[in-house]
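# Overview (structure and organization)
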Amino acid sequence: MSASLLIVVAFLLYAFGYLVYSRYLARIFELRDDNPTPAREINDGVDFVPTNKWILLGHHFTSITGAGPIVGPAIAVIWGWLPAFLWVVLGAVFIGGVHDFTALVTSIRHKGKSIGTILGEYLGEKARVLFLLLLLALAILVNAVFAYVISLLFVKFPTSVIPAWLVIPLAVVFGLSVYKLRLNFLFLTVIFLVILYGGIYLGSIVPVDIKPLAESLGLSPIMFWIIVLFLYAFFASSLPVWVLLQPRDFLNGLQLLVLLFLLYVGALVANPEIVAPAVNLSPEGAPPIFPFLFITIACGALSGFHALVSSGTSSKQLEKETDARTVGYLGFMGESSLALAVIIATTAGIAMFSADRFHELYSSWASIKSSSIVAVVEGGANLLSSIGIPVDFGKTVIATLIVLFAATTMDTSVRIQRYILNELGEIYRFRFLVNPWVASGVAVLTSMALVLSKEGGKGGMVFWPVFGAANQLLAGLALLVGYLYLRSVNKPTWPVSIPMILVLIITSLAMAMNAWNNLMKGDMLLFSVSFVILLLESFIIFETIKAVREPKTA
């Protein structure tokens, strides 16, 4: 099987999804430009800001595209390239894209509220508070884990430090130039993109090692970066979105699109053969392919975290309802195309210069779990080399963009955590939590507390084994919120309800199996967390069944 054939098939399906299926979804939801969006109605200049759909697409795309669509597929191809390919592409078209689009539209129809608050409007106050607390816990976990992972990447790839931090001042200047000085948008985009790639080249020849500085402060390099990242996230999550969030995400999105284009051109030029088996049901040390494939590959096929972005930041910036197709659905196709590029890189690109390299990295589950980033960086750099980009520079580009997108997701997640705290503050009349700066401080401190709960900043990693299943359960519950909304307005529900049922069944099974495995290992902490999440899900489903069975009131 050649890589080129997979690419052609995948992009034909992406085209069908955006041009045909998303139009059908738009008709079901009756998207109309004359319906005022929360961004236009509230327009507070801070969080609610009407935004050009292409700029907002950049924000949404980069916020949902963290390390997930890179690490997940890189690990999952140990079960074979075919299951990973089918889940990434078909899952994106019929489930993931539907999920992001539905969460976005449902939120704008409820004044930009989060899916947790919206759930309460259909199932009552208790369900709303419990769901918001679950969302808050997941956001804290994401922030803690991403702070550690980004810091680890800074230490492991010191060439990424300069370009990763250079994008911040450039984004502020870009935002001011577009929104205040009204300079030519296309001209600015080209200039700033060239500067950013110049920064990547500068980073490749000037790696930054902060070990001496960190040790002089009595810190390890990882803890130094964790502190710096949270200080940055505190300010970034409180500033108006047009100052940093939008322009940074737009510029980062352009960098990724350029890299994706080059990776796919490299794959088409080289047209390497896929060396991975089509299906491998018994890799050494791996859990069973069903249901664990569906939680190992989350971002790229489906991810509940996206519902937090769709109903958190993106819904507050959508200028027109019809833009939801571009931002929500097309944005997910973009992320899925990144996951597809990872599959191509790790199953074909990795073996371009060494036929045994794939089998070396994928010899066991333990081997690839510790080497997934290595497989992506090496395989991607090999593909880039086919169009004349030196392998070492290619590795720097790919590593830098992995860091950039992990950092972007963390930044957005802290802002989302602030929104959830704002909503809880309004519910319980804790007025101090309504203040954005105070809420951002609470968000950062709670995430830092989790980080510091284990030596070396690994506190979040303690709970990470249950995150995959919890994240996908959240996706199922977000689809349930969309189902409740469509039902309330007497619209067809099957495009949402069928994925919802499949996702809830598969991920509940995965969560139950995780809980049982942790109980058998004697890990009562992870067993308890899994058990509580399953209880919460069961409560919400029970309340939904009650609500559906009750006759509608006029």
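What you see is a predicted model; the values in this text were computed from it and never measured.

## Quick look at the overall build of the chain
Summing up its helical and strand segments, the chain has 23 helices and 0 strands in all. Against the 2.2 N^0.38 benchmark of 24 Å for 554 residues, the chain shows a C-alpha radius of gyration of 22 Å, consistent with a compact globule. Along the first, second and third principal axes, the C-alpha set of the chain runs to 70 × 55 × 50 Å. The 554 residues of the chain split such that 61% are buried. Taking the contacts inside the chain whose residues are at least 6 apart along the sequence as the reference set, 85% of them involve residues at least 24 apart. Element-wise, carbon and sulfur atoms account for 68% of the exposed surface of the chain, whose accessible area totals about 20,700 Å².

## Comments concerning the nonpolar core
In this structure, L119, F131, I226 and Y362 are the most contacted members of the largest nonpolar core, which totals 186 residues. For this core, the element with the most residues is helix 7 (residues 125–156), which contributes 18 residues. Setting aside residues up to four positions removed in sequence, I226 forms contacts with A147, Y148, S151, M448, V451 and G457.

## Section: helix 23 (residues 524–549)
For helix 23, with 26 residues, the first-to-last C-alpha span of 37 Å sits near the 38 Å given by 1.5 Å per residue. Against the buried residues of helix 23 lie helix 6 (115–123), helix 7, helix 21 (459–488) and helix 22 (494–521).

## Concerning the pattern of salt bridges
Counted according to the given criterion, the structure contains 12 salt bridges. In this structure, the salt-bridge partner of R32 is D34, at a minimum N-O distance of 2.5 Å. For D249, the salt bridge goes to R248, with nearest N and O atoms at 2.4 Å. The exposure class of D249 is buried, given its relative accessible area of 0%. Judged by relative accessible area, which is 2%, R248 ranks as buried. What emerges from the salt-bridge pattern is a single network uniting D47, R415 and R418.

## Some words on unusual backbone geometry
Going from F290 to P291, the amide bond is cis rather than trans, its omega being 10°. Relative to the assigned elements, P291 resides in helix 13 (residues 289–296). Phi is positive for N43, which is not a glycine, with a value near 40°. Positionally, N43 belongs in the loop between helix 2 (38–42) and helix 3 (53–64).

## Structural notes on the packing of helix 1 (residues 3–29) against helix 5 (residues 81–108)
It is the contact of helix 1 with helix 5, at a shortest axis distance of 11 Å, that shows an interaxial angle of 25°. If you check the angle between helix 1 and helix 5, you find them roughly parallel. The element helix 1 and its partner helix 5 pack so that their crossing is right-handed. Where helix 1 approaches helix 5, its residues L6, V9, A10, L13, Y14, F16, G17, Y21, L25, A26 and F29 are matched on the opposing element by W81, F85, V88, V89, L90, V93, F94, V98, F101, T102, V105 and T106. For the contact of helix 1 with helix 5, the class distribution of residues is 20 nonpolar, 3 polar and no charged.

## Examining the side chain of Q417
Tracing the backbone shows Q417 in helix 18 (residues 391–428). For Q417, a relative accessible area of 0% corresponds to the buried category. Of note is the side chain of Q417, whose polar atom sits 3.3 Å from the backbone oxygen of A443. If near-sequence neighbours (up to four positions away) are discounted, Q417 is found in contact with L136, A139, I140, N143, V442, A443, T446 and S447.

## Re the layout of surface pockets
Roughly 1,400 Å³ of volume is contained in the largest pocket. Residue lining of the largest pocket: 44 residues in total, with V71, I75, K369, M461 and W464 positioned closest to the centre. Considering each element in turn, the lining of the largest pocket owes the most residues, 8 residues, to helix 7. Counted by class, the lining of the largest pocket contains 27 nonpolar, 14 polar and 3 charged residues. By volume, the second largest pocket amounts to about 450 Å³. Considering the residues around the second largest pocket, the lining is formed by 21 residues, among which L57, F61, L257, L330 and G334 are closest to the centre. Sorting the residues of the lining of the second largest pocket by element identifies helix 1, helix 3, helix 12 (245–270) and helix 15 (323–347) as the ones contributing at least two each. Class assignment for the residues of the lining of the second largest pocket results in 16 nonpolar, 5 polar and no charged.

## Considering the packing of aromatic side chains
Throughout the structure, instances matching the rule amount to 29 aromatic pairs. Measuring from centroid to centroid gives 5.3 Å for F185 and F250, while their planes differ by 40°, and the two rings are tilted. Of this pair, F185 sits in helix 9 (residues 185–205) while F250 is found in helix 12, placing the two residues 65 residues apart along the sequence. Taken together, F16, Y21, Y24, F94 and W494 form an aromatic cluster joined through their ring pairs. The ring centre of Y419 lies 4.4 Å from the NZ or CZ of K316, which sits over that ring. In this structure, R325 packs its charged tip against the face of Y18, placed 4.5 Å from the ring centre.

## Focus on the environment of G331
Here G331 shows up in helix 15. G331 gets classed as buried once you look at its relative accessible area, which sits at 2%. Along the primary structure G331 and V178 are separated by 153 residues, whereas in three dimensions their C-alpha atoms are 22 Å apart. What G331 contacts, discounting residues up to four positions off in sequence, is L57, F61, I64 and T326.

## Details of the confidence of the model for the chain
Model confidence for the chain is summarised by a mean pLDDT of 90, while 99% of its residues fall at 70 or above. By mean pLDDT, the top-scoring element of the chain is helix 5 (97), and the lowest-scoring one is helix 18 (84).

## A closer look at a nonpolar patch on the surface
A cluster of nonpolar residues, F16, L19, V20, L82, L86, L90, F94, V279 and L281, forms a patch on the protein surface that exposes about 740 Å² of accessible area. Counting only elements with at least two residues in the nonpolar patch, the list comes to helix 1 and helix 5. Per-element tally for the nonpolar patch: the top contributor is helix 5, with 4 residues.

Reading guide: rules and limits
Residues numbered from 1 in each chain as written. Predicted model: local features only at pLDDT ≥ 70, side-chain atom pairs only at ≥ 80, totals over all residues. Heavy atoms only, no water. Helix = DSSP H or I, 4+ residues; strand = E, 2+ residues; numbered from the N terminus. Rg over C-alpha atoms; globule rule 2.2 N^0.38 Å. Buried < 20%, exposed > 50% of the residue type's maximum accessible area, 1.4 Å probe, protein only. Contact = heavy atoms within 4.5 Å. Areas by Shrake-Rupley, 256 points an atom, 1.4 Å probe, with all protein chains shown as cover. Core = buried A, V, L, I, M, F, W, Y, C linked by side-chain atoms within 4.5 Å. Expected span 1.5 Å × (residues − 1). Salt bridge = Lys/Arg side-chain N within 4 Å of Asp/Glu carboxyl O. Axes fitted to C-alpha atoms, helices over the stretch in contact; angles between N-to-C directions. Parallel < 35°, antiparallel > 145°, perpendicular 65-115°, else oblique. Left-handed = near helix turned anticlockwise from the far one by under 90°. Nonpolar A, V, L, I, M, F, W, Y, C, P; charged D, E, K, R; others polar. Polar contact = N/O pair within 3.5 Å; in protein donor to acceptor, adjacent residues only side chain to side chain. 1 Å grid on protein atoms, 1.4 Å probe; cavity = no way out; pocket = protein on both sides within 12 Å on 5 of 7 lines; lining within 4 Å. Points joined across faces, edges and corners; volume = space filled by probe spheres on them. Phe/Tyr/Trp six-rings, centres within 6.5 Å; stacked < 30°, edge-to-face > 60°. Lys NZ or Arg CZ within 6 Å of the ring centre and 35° of its normal. pLDDT = per-residue confidence, 0-100. Patch = residues over 30% accessible without salt bridge, like charges linked within 9 Å, V, L, I, M, F, W, Y side chains within 5 Å.

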